[in-house]
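The chain contents come next:
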Amino acid sequence: MEERIFREMRRKRQQLSEDECIMILENSTSGTLALIGDGGYPYAVPLSYVYSNGKIFFHSALTGHKIDAVKNNEKVSFCVIDKDDIKPEKFTTYYRSVIIFGKARILNNDTEKRAAIELLTEKYSPDFKKEGVEEIEREFDKFSMIEILIEHITGKQGKELVSKEKL
């Protein structure tokens, strides 16, 4: 019998489709990366990223906690919050979020690294392509690019949003 690694969502009515999850990943600009850090403690860090073809890419310094954590354990989780609309009078939040699980690796091949940083530049500075290319050339040896290969993706929205969609 095959062991199930990733849990099924309990509240299936609130589950987002894979296409909805991907749309959120494509349109959002920041998320929180969770890794196993020093001493086995969880380490969560907010960062800017880009989604492309089943992968998440982000940049990092050449050294530090994030890089060490990826080197020590490739398994990561990444969360993006698409909607966070607090309704104090209803004691609830209308939310929509995506969580991915995957394996991270530092891109050591210059061609892969360049392609990944160009995706980031295109997402965050689309009107500055020439300047982006110049910045990449100037800083290329001063940063790392990390890829997360998505193994499992799930998204969820508040029950109030499910109800609104059916109206």
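Residues numbered from 1 in each chain as written. Predicted model: local features only at pLDDT ≥ 70, side-chain atom pairs only at ≥ 80, totals over all residues. Heavy atoms only, no water.

Draft legend 1. How the structure looks around the nonpolar core. Within the largest apolar cluster, 27 residues are counted, with the highest numbers of intra-cluster contacts made by Leu25, Leu33, Tyr49, Ile56 and Ile100. Going through the elements one at a time, helix H1 (18-27), strand S1 (30-36), strand S2 (42-48), strand S4 (55-60), helix H2 (65-72), strand S5 (75-87), strand S6 (92-106) and strand S7 (144-157) are the ones with two or more residues in this core. Discounting chain neighbours no more than four positions away, the residues touching Ile56 are Leu25, Tyr49, Val50, Tyr51, Phe78, Ile100, Ile146, Glu147, Ile148 and Ile150. Counting 10 residues, the second-largest nonpolar core is a separate cluster that includes Val50, Phe57, Ile136 and Phe140. (Core = buried A, V, L, I, M, F, W, Y, C linked by side-chain atoms within 4.5 Å. Buried < 20%, exposed > 50% of the residue type's maximum accessible area, 1.4 Å probe, protein only. Helix = DSSP H or I, 4+ residues; strand = E, 2+ residues; numbered from the N terminus. Contact = heavy atoms within 4.5 Å.)

Draft legend 2. View of the sheet that holds S4. Judged by pairing direction, the sheet is antiparallel, and its seven strands sit side by side in the order S2-S1-S5-S6-S7-S4-S3 without closing on themselves. Two strands bound the open sheet, and with one partner strand each, they are S2 and strand S3 (50-52). On average, each strand axis in the sheet is tilted by 35° relative to the strand beside it, whichever way the strands run. In this sheet, S2 lies alongside S1 in antiparallel orientation, the contact comprising seven bridges. Looking across to S2, one finds that Thr32 is bridged to Pro46. (Pairing = 2+ DSSP bridges. Axes fitted to C-alpha atoms, helices over the stretch in contact; angles between N-to-C directions.)

Draft legend 3. Examining the side chain of Ser60 more closely. As for its position among the elements, Ser60 is in strand S4. For Ser60, a relative accessible area of 5% puts it in the buried group. The residues contacting Ser60, other than those within four sequence positions of it, are Lys66, Ile67, Phe143, Ser144 and Ile146.

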